[in-house]
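Below, each chain spelled out in residue letters.
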Amino acid sequence: MAVKDKIVYQIYPKSFQDSNHDGWGDIRGVISRLDYLQELGINYIWFNPMVVSPQRDNGYDVADYRSFDPRYGTMEDFEELVSEAKKRGIDIMFDMVFNHTSTEHEWFKRALAGEEKYKNYYIWKKGKGPGVPPNNWQSKFAGSAWEYVEKFDEWYLHLFDVTQADLDWTNPEVRKECADIVNYWRSKGVHGFRFDVINLISKRSYEDDPNNYDGRQFYTDGPKEHEYLKELNLNSFGQDEEHLTVGEMSSTTIENCVQYAGKDCSELDMVFSFHHLKVDYKNQMKWELQPMDFMALKRLLSTWQVKMQEADAWNALFWNCHDQPRSISRFGNDKEYHKESGKMLAAALHMMRGTPYVYQGEEFGMTNACFTDISQYVDVESTNIYDVLLKQGKTKEEVLHILQERSRDNARTPMQWDDSENGGFSDVKPWLQSADSYKKINVANALKDPDSIFYFYQKLIKMRKEMPVVQEGLFIPLLEDHEKVFAYERKLNDESLICINNFFSEETEISLPLQDYEIILSNYQESALSDNMKLRPYETIIACRKQN
Ligand code: GLC
């Protein structure tokens, strides 16, 4: 399908809009906000899972792939959403969690009851000895990746929470079930699919990780990955053009991604990769803080752009999602330069080659949660790691500081619609506390201010829809050695667009031949181009070559 002019908006449904006074977002709440999304100009809404789930991992622990959790609403509500969205030119994308199911899923329950068929849906191994798991792999949410079941004297694999049992993709019945689920949602009018941690489905072998790491080298981008994706694609979509797919790729490589998201789209239309969001991880460790390594960020963004382009493969572009802290707090300056840095980050991303994803609240500069007590956190990863880090000898203050920077709950606080209680998300206590910033940073204020971050996003989105150079242009990195500025050109025939971004709160100088260019969008009132020029804090400039 034609993806190059599309923009996807991600809704974390639990936190978007509550319509029935239970502190929990729902489908009817989303329907009531569709006009806002239409005004922004997006084409697709990607929803995090709304199906039945014990919510240990907020819906990524699926207990029934085909029914809505009643807290989100009913199938009738969803049908109305599909048709109301369609009226506004918006399609729906669903999240398919196929690496694992909840242990509350009927398949797992029947497996535990001893039904061979369903036992074979999951990955079971003998331990190395009494009480010793099959290998030293660690769960992504801390602790061993194996859980013992006495009845079988075997362990099941869970790369995530103990209640998220990994499916065995070597079993053709599992693969068929997954394709059937995609087809089920297609029949309900869903045209987009995001496949959760999909590059973990093919396990290579079950050896000990010799580096005493978490074992990822044995289950990431595994040997049958491409084969499984091709099969899933064929069995779900056949020759149908009307769909859009994106795979979430955990710790992947460009070499694999050029295949996953290759031009023929026989596996996926595009991929999320995360390397650019680890530039503030010390030694690649999520829970070790360091300031952003800007040169690494530039290098990673450019390399992925260039290498994917060389192979004619397609990137998903994003700074934010429900698993990442807010980019404005992380790579921008959410205080003195809230507006400037919010716009700069947007421009830097939206003018690149790929499909931009906007995560709810990003479009008006929502910031990190700033929680000060562990009782405010809900996320299983955060609460688990809190205990682990304390045990490792860190003080409570140190650990809370790490969570303020890194917790996934930073992204999950309720959407800030206005300055009423709970930011207009709900009139009762929300499932996760609102960030205090809602009093100032909210949709109502953004819509009142013609110079807001919101209207800047609106312009960027319009540019992608209208300008072939943004959709198709070649990406060429500029100023590669500059220590403060990320800049690039997009080129299509004789059209040229340049995007220049100062990532810091200090002024800096650049030198580029800009005499033939004119500014089409920037984040300061008066900006003028010259071959040697100063950029102001977080200044962004998008300029096009003048047409003769
Ligand atoms: C993905 C999801 C994340 C979830 C995990 C396990 O990374 O984005 O939220 O916890 O997979 O399903």
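Going along each chain's sequence as written, the residues are numbered from 1 onward. Thresholds applied to this predicted model are a pLDDT of at least 70 for local features of residues and 80 or more for the giving and counting of side-chain atom pairs; totals over whole chains, interfaces and linings are not thresholded and use all residues. Excluded from the side-chain calculations are hydrogens and water; all other atoms, namely the structure's heavy atoms, are used.

Moving on, we come to the domain arrangement of the chain. Interface size is commonly expressed as the accessible surface area that is lost when the partners come together. An automatic or database domain assignment is the source of the domain bounds shown. One can read the domain layout of the chain as domain 1 (8-99 + 172-197 + 245-374 + 415-459), domain 2 (106-166) and domain 3 (467-545). Each partner contributes to the interface: domain 1 provides 30 residues, whereas domain 3 provides 33 residues. The junction of domain 1 with domain 3 conceals about 2400 Å² of combined surface from both sides, 72% of it contributed by carbon and sulfur atoms. Summed over both partners, buried area is the accessible surface (1.4 Å probe) that two parts give up on being assembled. Contact with domain 3 buries area across many residues of domain 1, yet F294, M344 and M351 alone supply 26% of it, more than any other trio. The contact rule is simple, with two residues in contact once any of their heavy atoms fall within 4.5 Å.

Let's shift gears to the nonpolar core. Core analysis: the biggest nonpolar cluster contains 149 residues, and Y9, L37, F78, F94, W185, Y357 and F503 have the highest contact counts within it. The dominant element in this core, judged by the number of residues it contributes, is helix α16 (residues 453-466), at eight residues. Not counting residues within four places of it along the chain, the set of residues in contact with F503 comprises M292, F294, L297, W319, F331, M344, L345, A348, K484, F486 and Y538. By convention a nonpolar core is built from buried Ala, Val, Leu, Ile, Met, Phe, Trp, Tyr and Cys residues, the set being connected through side-chain atoms within 4.5 Å. Think of it in three bands: with a 1.4 Å probe and only protein chains considered, a residue is buried below 20% of the maximum accessible area for its type, exposed above 50%, and partly exposed in between. Working definition: helices are DSSP H or I runs of at least four residues, strands are E runs of at least two. Numbering for both runs from the N terminus.

Further remarks concern the site of the ligand. The criterion for a residue being near a molecule or strand is simple. One of its heavy atoms has to lie within 4 Å of it. The local shell around the ligand holds 14 residues, among which D57, H100, D196, H322 and D323 are the closest. Measuring from an oxygen atom of the ligand, one finds a side-chain N or O atom of H100 at 2.9 Å. Pairs of N or O atoms within 3.5 Å make up the polar contacts considered here, provided that, within protein, one atom can donate a hydrogen while the other can accept it, and that residues adjacent in sequence are counted only when both atoms are side-chain atoms. Between the ligand and the protein, one listed contact pairs an oxygen atom with a side-chain N or O atom of E248 at 2.9 Å. Expressed as a share of its isolated accessible area of 310 Å², the protein-covered part of the ligand is 96%. Accessible surface is estimated by sampling points in the Shrake-Rupley manner with a 1.4 Å probe; for residues, cover comes only from the protein chains shown.

With that settled, consider α16. With 14 residues, α16 extends 20 Å between its outermost C-alpha atoms, agreeing within 8% with the 20 Å of an ideal straight helix rising 1.5 Å per residue. Taken together, the buried positions of α16 are I453, F454, Y455, F456, Y457, L460, I461, M463 and R464. Multiplying 1.5 Å by the helix residue count minus one yields the expected span of that helix.

On to helix α3 (residues 75-87), then. Given 3.6 residues to a turn, an α-helix orients residues that are three or four positions apart in the same direction. Compared with the 18 Å implied by 1.5 Å per residue over 13 residues, the 19 Å span of α3 between its first and last C-alpha is a close match. Buried within α3 are the following residues: M75, D77, F78, L81, V82, E84 and A85. Packing partners of the buried residues in α3 comprise α1 (27-31), α2 (34-40), β2 (44-47), β4 (64-68), β5 (91-96) and α6 (172-187). Immediately beyond the C-terminal end of α3, within one or two residues, lies G89, with a positive phi of roughly 70°.

As a further point, take the packing of aromatic side chains. Aromatic ring pairs are described here by two measures, namely the spacing of the ring centres and the angle between the planes. Pairing of aromatic rings covers Phe, Tyr and Trp, the last counted by its six-membered ring, and requires centre-to-centre distances within 6.5 Å; plane angles under 30 degrees mean stacked, over 60 mean edge-to-face, and any other angle means tilted. All chains considered together, the criterion is met by 48 aromatic pairs. Look at F68 and F94: their rings are 6.3 Å apart centre to centre, the planes differ by 85°, and that puts the pair in the edge-to-face class. Highlighted residues: F68 in strand β4 and F94 in strand β5, separated in sequence by 26 residues. In terms of burial, F68 and F94 fall into one category: buried. Plain terms: the ring middles of Y148 and W155 are 5.2 Å apart, the flat faces sit at 55° to each other, and that makes the pair tilted. Pairwise contacts between aromatic rings join Y65, F98, W107, Y118, Y121, F193, F195 and F237 into one cluster. Put simply, a charge is over a ring when the Lys NZ or the Arg CZ is close to the ring centre, within 6 Å, and near the line of the ring normal, within 35 degrees. Over the ring of W124 we find K119; its NZ or CZ atom is 5.3 Å from the centre of that ring. The ring of Y206 carries K125 above its face, with NZ or CZ at 4.4 Å from the centroid.

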